[in-house]
Amino acid sequence: MDRIKNEKIEFLGIFSDGVTEIESLDWKEVVAELFAFKNTAGEFVKRRAISFLKKLQNSNAKTLDDLSMGVIHVSQ
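Cut-offs used in this document
Residues numbered from 1 in each chain as written. Predicted model: local features only at pLDDT ≥ 70, side-chain atom pairs only at ≥ 80, totals over all residues. Heavy atoms only, no water. Helix = DSSP H or I, 4+ residues; strand = E, 2+ residues; numbered from the N terminus. Axes fitted to C-alpha atoms, helices over the stretch in contact; angles between N-to-C directions. Parallel < 35°, antiparallel > 145°, perpendicular 65-115°, else oblique. Contact = heavy atoms within 4.5 Å. Nonpolar A, V, L, I, M, F, W, Y, C, P; charged D, E, K, R; others polar. Buried < 20%, exposed > 50% of the residue type's maximum accessible area, 1.4 Å probe, protein only. Arc of directions from axis to C-beta. Phe/Tyr/Trp six-rings, centres within 6.5 Å; stacked < 30°, edge-to-face > 60°.

1. Description of unusual backbone geometry
The backbone of S24 sits at a positive phi, close to 70 degrees, despite the residue not being glycine. Looking at the element boundaries, S24 is found in the loop between β1 (11-15) and α2 (27-34). One non-glycine residue, N60, adopts positive backbone phi at about 65 degrees. Tracing the sequence through the fold places N60 in the loop between α3 (44-58) and β2 (69-73).

2. Quick word on the packing of α2 against α3
It is the contact of α2 with α3, at a shortest axis distance of 9 Å, that shows an interaxial angle of 130 degrees. Between α2 and α3, the angle falls in the class oblique. Counting all contacts with α2, which are made through V30, E33 and L34, the residues of α3 involved are R48, A49, F52 and K55. A breakdown of the residues in the contact of α2 with α3 according to their chemical character gives 4 nonpolar, no polar and 3 charged.

3. With respect to α2
The complete set of buried residues in α2 reads V30, V31 and L34. The arc that holds the buried residues of α2, viewed along the axis, is 95 degrees, so those residues lie on one side. Looking at the buried positions of α2, the neighbouring elements they touch are β1, α3 and β2.

4. Re the side chain of R48
Mapped onto the fold, R48 is located in helix α3. Setting aside residues no more than four positions away along its own chain, R48 makes contact with E33, L34, A36 and F37.

5. A closer look at the packing of aromatic side chains
Considering all chains together, one arrives at 6 aromatic pairs under this definition. When the centroid spacing of 6.2 Å and the interplanar angle of 25 degrees are considered together, the rings of F11 and F35 count as stacked. Of this pair, F11 sits in strand β1 while F35 sits in the loop between α2 and α3, and the two are 24 residues apart along the sequence. F11 gets classed as buried once you look at its relative accessible area, which sits at 17%. Between F11 and F44, the ring centres sit 6.2 Å apart and the planes meet at 45 degrees, which makes this aromatic pair tilted. Note that F11 is positioned in strand β1 and F44 in helix α3, a separation of 33 residues in sequence. Accessibility assignment for this pair places F11 and F44 in one class, buried.

Laid out in structure tokens, this is it:
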């Protein structure tokens, strides 16, 4: 836990391999988008994932595999 405090890590995440299967996007861009939380109240991960998927749909990009994510919010 000391390392997390020293690094000032706010979120830890794990993603399915679907994060690498988004048409026209590099996985690092996808992860950055999925970590762009406006706030951490309630079901913040669910809201962010839904918002990201709607953005993909509006840009006609496709997910080529299922996408799942889990996040731990490290409050300090």
